[in-house]
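Architecture at a glance
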Amino acid sequence: MTNAADLRTATLDRPWEAEAFGEQLEAWRLRMEQALARRLPPATDVPARLHEAMRYSVLGGGKRVRPALLFATARTLGLKEDEVEAAACAIELIHVYSLVHDDLPAMDDDDLRRGRPTCHKAYDEATAILVGDALQPLAFQLLARDPALPAAPAIRLRLIDILSEASGTYGMAGGQAIDLEVEGKQLDIAQVEDMHARKTGAVIRASVLMAAECVPQLPEHLYAALTRFAAAIGLAFQIQDDLLDVTGDVSTLGKATGADRVHAKPTHPTVIGIAASQERVHLLHHQALDALVPFGESAAPLRSLAHWLLSRRY
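Let me sum up the structure you'll find in this document.

Thresholds applied
Residues numbered from 1 in each chain as written. Predicted model: local features only at pLDDT ≥ 70, side-chain atom pairs only at ≥ 80, totals over all residues. Heavy atoms only, no water. Helix = DSSP H or I, 4+ residues; strand = E, 2+ residues; numbered from the N terminus. Expected span 1.5 Å × (residues − 1). Buried < 20%, exposed > 50% of the residue type's maximum accessible area, 1.4 Å probe, protein only. Arc of directions from axis to C-beta. Contact = heavy atoms within 4.5 Å. Core = buried A, V, L, I, M, F, W, Y, C linked by side-chain atoms within 4.5 Å. 1 Å grid on protein atoms, 1.4 Å probe; cavity = no way out; pocket = protein on both sides within 12 Å on 5 of 7 lines; lining within 4 Å. Points joined across faces, edges and corners; volume = space filled by probe spheres on them. Salt bridge = Lys/Arg side-chain N within 4 Å of Asp/Glu carboxyl O.

With that settled, the discussion passes to helix α15 (residues 274–291). Over its 18 residues, α15 runs 26 Å from end to end, which matches the ideal 26 Å to within 8%, given 1.5 Å per residue. Buried residues of α15: Ser277, Val281, Leu284, His285, Ala288, Leu289 and Ala291, and no others. Considered in projection along α15, the buried side chains sweep an arc of 155° and stay on one side of the axis. Facing away from the buried side of α15 by more than 90 degrees, the exposed set consists of Ala275 and Glu279.

The next subject is the environment of Leu159. Mapping Leu159 onto the fold places it in helix α8 (residues 153–167). Judged by relative accessible area, which is 0%, Leu159 ranks as buried. Taking the C-alpha atoms as reference points, Leu159 and Phe140, 19 residues apart in sequence, are found 9.0 Å from one another. Those residues in contact with Leu159 that lie beyond four places of it in its chain are Leu143, Leu149, Met210, Glu213 and Cys214.

Here we come to the nonpolar core. In terms of nonpolar packing, the biggest core is built from 89 residues, with Met210, Leu226 and Phe229 touching the most fellow members. Aside from chain neighbours lying at most four places away, what touches Met210 is Leu70, Ala87, Ile91, Leu143, Leu159, Ile162 and Leu163.

This paragraph deals with empty space enclosed by the protein. Within this structure, the stated rule accounts for two cavities of 30 Å³ or more. Around the largest cavity, the lining is made up of 13 residues, and of these Tyr56, Ser57, Arg113, Arg114 and Cys119 lie nearest the centre. The dominant element in the lining of the largest cavity, judged by the number of residues it contributes, is helix α5 (residues 81–102), at three residues. What lines the second largest cavity is simply Leu25, Trp28, Arg29, Met32, Lys63, Arg64, Pro67, Ala68 and Phe71. Among the secondary structure elements, those contributing two or more residues to the lining of the second largest cavity are α2 (15–39) and α4 (65–76). The leading source of residues in the lining of the second largest cavity is α2, at four residues.

Scanning all chains against the criterion turns up 18 salt bridges. Glu26 is the salt-bridge partner of Arg29, the closest N and O atoms lying 2.8 Å from each other. Placement of both Arg29 and Glu26 in helix α2 is noted, with a separation of three residues, approximately one turn of the helix. Among the residues examined, Arg29 registers a relative accessible area of 24% and is labelled partly exposed. Look at Glu26 and you get partly exposed, because its relative accessible area is 35%. Arg39 serves as the salt-bridge partner of Asp146, at 2.9 Å between the closest nitrogen and oxygen. Highlighted residues: Asp146 in the loop between α7 (125–145) and α8 and Arg39 in helix α2, separated in sequence by 107 residues. As far as burial versus exposure is concerned, Asp146 and Arg39 are alike and both buried.

This is the structure:
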């Protein structure tokens, strides 16, 4: 019988699988570009400037990490991408809205995102605010109306509930509020991790659990295993981002580096140092893989995605 160590080794030590998964990631990314383009309002519709700015922000590239997590979870659970594509679009719209608002002068005041001028630089601040305001309800409209999602009202409501909680005051928005409040302050590592569990981890957890909600009567122990996986990956992803802010470069990342230092933000590297932060990512990676053991070989997409996320350089 395959054990946890065997499954970890299968993911980490087979470069041919890594190459094949890279091709799968690119296929998912291209799928999302087309899916998002179809679901966004045409740039020619009134109000044209707002719609143009929405498309500029959403279709400006990116790794599409959250949709990839949703697709990989769906594959693990025997679902096809068609069955969850609208949910993947919804969660990406929430993510992009958060980026547009996060880049504003009142927040992190960034001029560059995904290698291009941020929305408020390409357009103006008022338009950028409205872009975020418009993307958020569009995300929930997809969950309510898109015909490709499961028709059961209970599933639709649960998807809306998960995404709204993940993006609200107990999730992403709350994490952002804490992030702004603690600039220049000293936090212990438990406080930093609580902030990141909200700011970044909540929407990443939602990416996994929304796919799980599309499987009627999924056994409770498997849902709990996916919850543990998502919690570990969500925190590790944020720590990796904080490390890249210290060790990365603008040409690779497509955005400015050193922003955490400029804003005096407490992060894992600033609180416990780079080496300890890297070790924390390594530990969380193993916790995530251990959580997937009940799924056996069917969780290969999630294992490969976890490895890619936590070894990335951009």
